[in-house]
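Tertiary structure, described
Letter by letter, the chains look like this.
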Amino acid sequence: MTHFPLTSTLKSSPGTLGRSVLVAIYRKPTVFLGALLILAALAAALFAPYLAPYDPEAFAVGPVLSAPQPGYWFGTDEFGRDMVSRIIWGARETLLVGLLAVSISLGFGLTFGLLAAYLGGWIEKLFMRMLDVLFSFTEILIALACVAILGPSLINATIAVGIAGIPVYGRMTYSLVLVERNKPYIESCRAMGAGHVRIILRHLIPNITPSLIVVGTIGISTAILAASGLSFLGLGAQPPSSEWGAVLAGARDYFSTAPWLLLFPGLAITLVVLGFNLLGDGVRQMLDPKQNK
Amino acid sequence: MKFSVRPVRAAQWLLPSAACLLLAAPYALSDDTLVWARYGDIDTLDPHGATSTLSMQVWHQIYDTLLARDSDGQPVPNMAESWAVSDDGLMVSFNLHDDILCHDGSAFDAEDVVYTWERAFSDSRPSNTQSAWGPVTHIDTPDSTTAVFHFSEPFAAFVPFMADPFASMLCRGNEDEAGFGTSAAIGTGPWVFESWRSGDRILLSSNPDYINRGRLADNPGSPYMAELEIRVLREGQSRLAALRSGEVHIAEPPIEAVSNIQSDAELDLYIADNTGQNVFIEFAISRAPFDDVRARRAVAYAIDPDVALQLAFGDLVNREWCTVAQGVAGNDQDFCRSIGYEHDPEQARALLAELGHDMNNPLEVKFMTWTGGNRQRVLQVFQNQLRQVGINASLEVMDIGSLNAQVQTENLTTSGRGSMDMMGWSWYDPDILHQLWHSPGAYQGYNSAELDEMLHQTRVLSDEAERLAMVQNVQQYLIENAVHIPLYTPGWEWLYAARSNIDGFIVGPFNQPDLIGVRLND
Amino acid sequence: MQSFLLRRFGVALLTVWVTTIAVALLTRLVPGDPIEIMFAQSAGATREQMLAMQARLGLDRNVVAQYFLYLGNLLQGDFGRTIQGGQPVLPLIMQRLPNTLWLASTALVIASIAGVTLGFFAAYKKGTWVEHVLMTSTVMGISIPPFWLGLILLMVFGMQLGWFPVAGAGWHALVLPAVTLAATNAAIIGRLTRSSMLEVFEQEFMRTAWSKGLPKTTVLSRHALRAGLVPVVSAMGVQFAYMMGGAIVVEYIFSWNGMGTLAVDAILRRDYPLIQGFILVFSVVVVCISLLLDVIYAALDPRIRQGGDS
């Protein structure tokens, strides 16, 4: 589910999208904060080997179950592993899962939605009915069913979240293409003898891309939440993975004795998700004419 | 428009009711109900339908067994006042007490023994532990208090099995109960089944007709408490909180909280010993690298269980050197240790070097275990130790059912990455080794004609000393070939915390809590 | 109204039908032999038992025959038996269903009240710091992982302050899970209410109401709120579905004895008959209640009642 529905095609081309993002960051402090959070997470993910003070899976780099203290700012876990290092390395897995899941949703959603809207006819009808059905299932049920079939692992959880998101992006693409399809320029392209493939690749896709990027940005936050939720239930990443949901699941046993183990991974998820939500929402508001009146 | 949702009004209504919720008194207990909280639920009330410890411990309350166990785990008379094994070992006869009543009021007699056995051996729904009965061919009932089991071959492990909850005696009345196993369970045990709300609680009541003939509990008759409620509280912290508040009397504590419990004057800690539980490492021997004994031995030398156990459990478990666990006949720590593997990373590296692996070219393997009991922590320590010698183990932790399936699948797979797992089995007799390792074996794993013959002998040798000598031969074979690498005992559900006003709580051998003699003091 | 309801009813039927197909074929999609996977769990399973189960599930036949076998059993109320323990699936699920419904509907009430209040004030105080604070809090609400929020609430209100039990059943044990479950949706409802209220405030009839000099509370509650709530109420069905989905995770954290806890355990144990039953019951319940909410909404909304389609 994406919590920020688009009301219409964003008034933007891929070229101006970048500029709009910069303007939004400059003008709105919340968007700036969002961008900052995402940058921080990206930096952690990319430069984990240089940033992390310790090997995230190495035992006894510090005392066992130590509260936050200089040198171990987020404390240590039951094996004396450094939580700062685990969180930094975990950013890698967490972000990757979010990106991969959204790519799956977006890839399939785009294909189905576009074909349905462009081709019309019985394909469109079938697509619409399938969407109705899939939306009644709710995403979590689809994800759970996928995990039940594939078995618990981080990659399977990612696939499950990705599949569960297909209807959202399918419907989004569908409604965006529907608007574009009826615009006069498509008609004139066709009149000038442009083929379907050309129209789709050269006109439709570029025109709906900015909207999809914005929705996808917000979608990453949903995907991260869903995947870390599955890991937390034991249906995703397995120990000793430092994926944040899995770290949180392991910390559950130390609920009363070492609460900091719960605090930091949860905070990390919240902040990254917040980052994507703030950035995506801010840019959407800039570009969405209806919201921006 | 017809909407009349008024947030302000609604809030006015909601606030007082929220306040009421805050003030609501916590759940109050009747003085006559004993509450025992565990992390999970039973699978079924049918003793033939599951193998979990959680289920077995409840069957032990509802049903009774022909024999019981003394504090050393040896069989003693119970529902049967005596038993006799024929010289050729092909007949075992039991003399039943003639005053045993089923919970439905009918008398328990030899026909019920036949009913129980026939049900365990039925084609449509045989018992999950059918093989534990051995090669029983039929039962004679010369009179209503005599049951004679006939065997096609001697089976040394049969008599101890008759004291196990898997051999719980069922009453014929269950035959007419459509809901047997779910909403009905008629036995002869100390507690009568009242209700089961799955995932939540089981309610039992004291059996007024019960006569304690062989159980360890200090109570000759029916349980002192009027009711027994066995509740599911999944989170260790919740169980502890409920125990502290008095909502629960007995509960399995989270391992992390044990030291707090030991220093808490209001709570007592009970540690089950002689549980028969054995946690060990086994391998997929069907393919490389673990088809080579050197790879298996390398693992055994590389790990340091003492360190892992200390980190995961403190002093709450014992190192186990034998393939049959402490409490089971044939367990001899000194003997097993003399043939076992002391932590020796150098030796491990040397063995791996022979196989062409070192730190730069590590051996990649999969290492699995099942969820709970801090086992994934043990595995993480092992993973770390294996890495020091050049073995990269990727961990997989799953439900016990999935693990059983996975181990079998791995054993049947002939190519791909090597696989090993930390498995746990609990049994009251060395016959466990036959069940695990006699081909095809529990998981279609290790097959060896030499081992099979030795295992067969442990079943048919009727002289106890000869049998035990053979058990030692089997253990030696398994350890020297690094087929079964013992790690520790107990392994699961062996800790109990009780409020200190609880008297008479006993955890018998093989982790069977007895609640017949429990009283609440003020 | 009729066309709207007919369409909704059609979708509901279609959904249930598709679910039965998906669920029946679920065991076919499992990598490896599902029967082997199921039975490796019970140490004493015999070859006969496995063959019997294979026949029971129709896995020895073609897909179509398997489907009709499954459907036939379903129609007789036979959802199969669990692998672990052999318990009948349907009663097992039905025992837990009320707990889940109880949790989801309480959370829906909390989320609606909190969300509408929040969204209303954010719109009413448009452009002020109040709006900024409220809207930022909704973004926070959407961003906090429910499973983490639940743990934090449990730690603070359950363990530290001891106001609520950390697990159990009954009213006082319901508060923390319901609040956890409501948090995200309160934020969503809040955003929805705000944008809908903003539109309402701009409309002609509002200016008329103000110009008539009616008291402020009358204008706001009688006119603005009623109109502004239409899209919110129309989304109730969807909201409820998400509550049911969210309940799966929240139940697990709070050891709430509902369908979600049962389902997660079933997945971890690969108890396929139970997983199948869960998916089926879950989607039927969600579809029926969403349909019910839509019918109520249609009955209340004059535009739909008069034959328009929304």
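As the structure is a prediction and not an experimental result, all values here were calculated from the model.

So, about the overall build of chain C. Regarding its fold elements, chain C presents 14 helices and 0 strands. Oriented by its inertia axes, the alpha-carbon framework of chain C measures out at about 85 × 55 × 30 Å. Classification of the 310 residues of chain C by burial places 57% in the buried group. Excluding contacts between residues fewer than 6 apart, the proportion of contacts in chain C whose partners are at least 24 apart in sequence is 72%. When the accessible surface of chain C is summed, it comes to about 12,400 Å², and 66% of that surface belongs to carbon and sulfur atoms. Chain C carries 21 positive and 15 negative side-chain charges, and their two centres are separated by 9 Å.

What follows concerns the pairing of strand β1 (residues 33–38) of chain B. Residue and element names in this part refer to chain B. Counting buried residues along β1, 6 of its 6 residues qualify, which places the element largely inside the surrounding structure. Both faces of β1 are covered, namely the face carrying T33, V35 and A37 and the face carrying L34, W36 and R38. Here 6 bridges tie β1 to strand β10 (residues 227–232), and the two strands are oriented parallel to one another. Opposite R38, over in β10, you have V232 as the bridge partner.

This part covers the UniProt feature "transmembrane region" (unreviewed entry) in chain C. All names here are of chain C. Mapped onto this structure's residue numbering, the UniProt feature "transmembrane region" (unreviewed entry) falls at residues 9–30, 101–121, 133–157, 169–189, 229–254 and 274–300. The span residues 9–30 is 95% helical and 0% strand by assignment, and the distance between its end C-alpha atoms comes to 32 Å. End-to-end, the C-alpha atoms of residues 274–300 are 39 Å apart, and along that stretch the chain is 100% helix and 0% strand.

We now examine the interface of chain A and chain C. Counting residues at the interface gives 48 residues for chain A and 45 residues for chain C. Across the chain A/chain C interface, buried area totals approximately 4,300 Å², and carbon plus sulfur atoms make up 78% of it. Considering only the surface of chain A that becomes buried against chain C, I149, L233 and F255 of chain A emerge as the three largest contributors, covering 16% of it. Put simply, chain A and chain C have 1 salt bridge between them. Note that D281 of chain A and R191 of chain C form a salt bridge whose closest N and O atoms lie 2.8 Å from each other. Between the two partners, chain A and chain C, sit 6 residue pairs in polar contact (both at pLDDT 80 or more).

Residue and element names in this part refer to chain B. Counted by the stated rule, this structure contains 35 aromatic pairs over all chains. Centroid distance W117 to F121: 5.2 Å. Interplanar angle 35°. Geometry classified as tilted. Positioned above the aromatic ring of W36 is the side chain of R38, whose terminal nitrogen or guanidinium carbon lies 5.2 Å from the ring centre.

Before going further, it helps to examine the state of the cysteines. Residues and elements named next belong to chain B. Tallied over the entire structure, the rule returns 2 disulfides over all chains. Here C322 pairs with C336 through a disulfide, and the sulfurs are 1.9 Å apart. Between C322 and C336, the disulfide has an S-S torsion of 100° and is therefore right-handed. Taken together, the residues span a long stretch of sequence, with C322 in the loop between β14 (318–319) and α9 (333–339) and C336 in helix α9 at a distance of 14 residues. Here the two residues C322 and C336 agree in accessibility, since each one is buried.

Below, the discussion takes up the UniProt feature "domain: ABC transmembrane type-1" (unreviewed entry) in chain A. The sites that UniProt annotates as "domain: ABC transmembrane type-1" (unreviewed entry) are residues 91–280 of chain A. Helix makes up 84% of residues 91–280 of chain A and strand makes up 0%, while its end C-alpha atoms are separated by 19 Å.

Let us look at the pairing of strand β16 (residues 391–398) of chain B. Residues and elements named next belong to chain B. In this structure, strand β15 (residues 363–370) lies alongside β16, joined through 8 bridges in parallel fashion. Opposite W370, over in β16, you have M398 as the bridge partner. This β-α-β element, β15 to helix α11 (residues 375–389) to β16, shows right-handed connectivity.

Residue and element names in this part refer to chain B. Note that L461 resides in the loop between α14 (449–460) and α15 (464–480). What makes L461 buried here is its relative accessible area of 18%. Every residue in contact with L461, bar those within four places of it in the chain, is listed here: A156, E466, R467 and M470.

Moving on, we come to the sheet that holds strand β12 (residues 267–271) of chain B. Residue and element names in this part refer to chain B. Spatially, the 7 strands line up as an open sheet ordered β8-β9-β10-β1-β11-β19-β12, and their pairing is mixed. Across the chains shown, the open sheet's two edge strands, defined by having one partner strand only, are β8 (191–197) and β12. Across 6 bridges, β8 lies against strand β9 (residues 201–206) in antiparallel orientation. Looking at β9, one finds that F193 is bridged to L204.

Residues and elements named next belong to chain B. Read across the sheet, 4 strands follow the order β4-β5-β7-β6 without closing on themselves; strand pairing throughout is antiparallel. Looking along the sheet, the strands with just one partner apiece sit at the ends: β4 (80–85) and β6 (136–140). When the angles between neighbouring strand axes are averaged without regard to direction, this sheet yields 15°. With 5 bridges joining them, strand β5 (residues 91–96) and strand β7 (residues 146–151) adopt antiparallel strand pairing. Within β7, the position partnered with M91 by the bridge is H150.

This paragraph deals with the interface of chain A and chain B. If you look at the interface, chain A gives 17 residues, while chain B gives 14 residues. Summing both sides of the interface, chain A and chain B together bury roughly 1,400 Å²; the carbon and sulfur share of this comes to 47%. Looking at side-chain class alone, the side of chain A that touches chain B contains 8 nonpolar, 3 polar and 6 charged residues.

Here we take up a nonpolar patch on the surface. All names here are of chain A. Together, L39, L42, L46, F47, Y50 and L51 make up a nonpolar patch on the protein surface, roughly 670 Å² of accessible area in all. Contributing elements (two or more residues each) for the nonpolar patch: α2 (29–46) and α3 (48–51). Here the nonpolar patch gets 3 residues from one element, more than from any other, and that element is α2. Under the relative-accessibility criterion, L42 is labelled partly exposed at 35%.

As a further point, take the UniProt feature "transmembrane region" (unreviewed entry) in chain A. Residues and elements named next belong to chain A. The UniProt record annotates "transmembrane region" (unreviewed entry) at residues 31–52, 95–119, 131–151, 157–179, 212–237 and 257–280. As annotated, residues 131–151 has a helix share of 90% and a strand share of 0%, and its two end C-alpha atoms lie 26 Å apart. As a span, residues 212–237 carries 81% helix and 0% strand, and end to end its C-alpha atoms are 28 Å apart.

If you walk through the whole model with that rule in mind, you get 39 salt bridges over all chains. In this structure, a network of salt bridges that share partners links the residues R197, D200, R201, E229, R231 and E247 of chain B.

Along the chain, the position of R377 of chain B falls in helix α11. In this structure the side chain of R377 of chain B is engaged in a polar contact, spanning 2.3 Å, whose partner is the side chain of E78 of chain A. Every residue in contact with R377 of chain B, bar those within four places of it in the chain, is listed here: E78, F79, G250, D253 and Y254 of chain A together with E256 and A312 of chain B.

The rules behind each value
Residues numbered from 1 in each chain as written. Chains lettered and ligands numbered in written order. Predicted model: local features only at pLDDT ≥ 70, side-chain atom pairs only at ≥ 80, totals over all residues. Heavy atoms only, no water. Helix = DSSP H or I, 4+ residues; strand = E, 2+ residues; numbered from the N terminus. Buried < 20%, exposed > 50% of the residue type's maximum accessible area, 1.4 Å probe, protein only. Contact = heavy atoms within 4.5 Å. Areas by Shrake-Rupley, 256 points an atom, 1.4 Å probe, with all protein chains shown as cover. Lys, Arg positive; Asp, Glu negative; His and termini not counted. Charge placed at Lys NZ, Arg CZ, Asp CG, Glu CD. Pairing = 2+ DSSP bridges. UniProt positions renumbered as here; feature names shortened; annotations may be inferred. Buried area = accessible area lost by both parts, 1.4 Å probe. Salt bridge = Lys/Arg side-chain N within 4 Å of Asp/Glu carboxyl O. Polar contact = N/O pair within 3.5 Å; in protein donor to acceptor, adjacent residues only side chain to side chain. Phe/Tyr/Trp six-rings, centres within 6.5 Å; stacked < 30°, edge-to-face > 60°. Lys NZ or Arg CZ within 6 Å of the ring centre and 35° of its normal. Disulfide = S-S within 2.5 Å. Right-handed = clockwise from strand over helix to strand, strands pointing away. Axes fitted to C-alpha atoms, helices over the stretch in contact; angles between N-to-C directions. Nonpolar A, V, L, I, M, F, W, Y, C, P; charged D, E, K, R; others polar. Patch = residues over 30% accessible without salt bridge, like charges linked within 9 Å, V, L, I, M, F, W, Y side chains within 5 Å.

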